[in-house]
Amino acid sequence: MASPQMYVRVKRKNTTVFLNVEKSDSFGGIKAKLAEILGADAEKIHLFTSRDESTETVDTAFVDNFCESDVVVYMKMDGDKGIEVDEPPKPSA
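Residues numbered from 1 in each chain as written. Predicted model: local features only at pLDDT ≥ 70, side-chain atom pairs only at ≥ 80, totals over all residues. Heavy atoms only, no water.

## Quick word on the overall build of the protein chain
A tally of helices and strands in the protein chain yields 2 helices and 4 strands. In sequence order, the secondary structure elements of the protein chain are arranged as β-β-α-β-α-β. Relative to its 93 residues, the protein chain shows a buried fraction of 33%. Sequence separation of 24 or more characterises 59% of the internal contacts of the protein chain that already satisfy a separation of 6 or more. Element-wise, carbon and sulfur atoms account for 50% of the exposed surface of the protein chain, whose accessible area totals about 6000 Å². (Helix = DSSP H or I, 4+ residues; strand = E, 2+ residues; numbered from the N terminus. Buried < 20%, exposed > 50% of the residue type's maximum accessible area, 1.4 Å probe, protein only. Contact = heavy atoms within 4.5 Å. Areas by Shrake-Rupley, 256 points an atom, 1.4 Å probe, with all protein chains shown as cover.)

Structure, rendered in C-alpha cells:
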C-alpha cells in the first residue's frame, strides 16, 4: 500500500509555499526545494519549527521531527530582521 501524500507549509512574510514531502526528506532537501522555487541560495534559508528563533531545524529527516502532514514551518532568509509572518494572532484562551 502506498504511503499517503504529505506536505509541509513554509511561511515567510506574506508568502506560504506548499511542498510535497516524503518522510525520508531532510530539512536540507526541503531547503534545496525552496531555493529552486524562490531562486535563492539554500545556504541563506533557515527553517524553524515555530516562530521562536531558537527552534531552527537541523538537517535531520522530516519524520524525525514531524509525523503528520500539513505541518507549518517558518522560513527566515539571511538579512531578515526576524521571523516575519503575516498571520492573525491566535485568540487568547
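Moving on, there is more to tell.
## Details of the environment of arginine 51
Its place among the elements puts arginine 51 in the loop between β3 (45-48) and α2 (62-65). For arginine 51, a relative accessible area of 42% translates into the label partly exposed.

## A few points about the pattern of salt bridges
Counted according to the given criterion, the structure contains 3 salt bridges. Here lysine 76 makes a salt bridge to glutamate 53, at a shortest N to O gap of 2.9 Å. Taken together, the residues lysine 76 in strand β4 (residues 71-77) and glutamate 53 in the loop between β3 and α2 connect sequence positions 23 residues apart. (Salt bridge = Lys/Arg side-chain N within 4 Å of Asp/Glu carboxyl O.)

## Re the side chain of lysine 76
Residue classification places lysine 76 among the buried positions, given a relative accessible area of 16%. There is a polar contact of 2.9 Å between the side chain of lysine 76 and the side chain of glutamate 53. Filtering out sequence-adjacent residues up to four positions away, lysine 76 remains in contact with Lys44, Ile45, His46, Phe48, Glu53, Gly82 and Ile83. (Polar contact = N/O pair within 3.5 Å; in protein donor to acceptor, adjacent residues only side chain to side chain.)

## Quick word on the pairing of β3
Taking every second residue as pointing to the same face, both faces of β3 are buried, with Ile45 and Leu47 on one and His46 and Phe48 on the other. Sheet analysis places β3 next to β4, joined by 4 bridges and oriented antiparallel. Its bridge partner being in β4, leucine 47 is matched across the sheet by methionine 75. (Pairing = 2+ DSSP bridges.)

## Here we look at the sheet that holds strand β1 (residues 6-12)
The strand order β2-β1-β4-β3 describes an open sheet built from 4 strands, whose pairing is mixed. In the strand order of this sheet, the two ends are held by β2 (15-21) and β3, each with one partner. On average, adjacent strands in this sheet sit at an angle of 30 degrees to one another, irrespective of strand direction. Those strands touched by helix α1 (residues 27-38) are β1, β2, β3 and β4, and its axis lies near 125 degrees from that of β2. (Axes fitted to C-alpha atoms, helices over the stretch in contact; angles between N-to-C directions.)

Any functional reading would require information beyond the geometric quantities listed.
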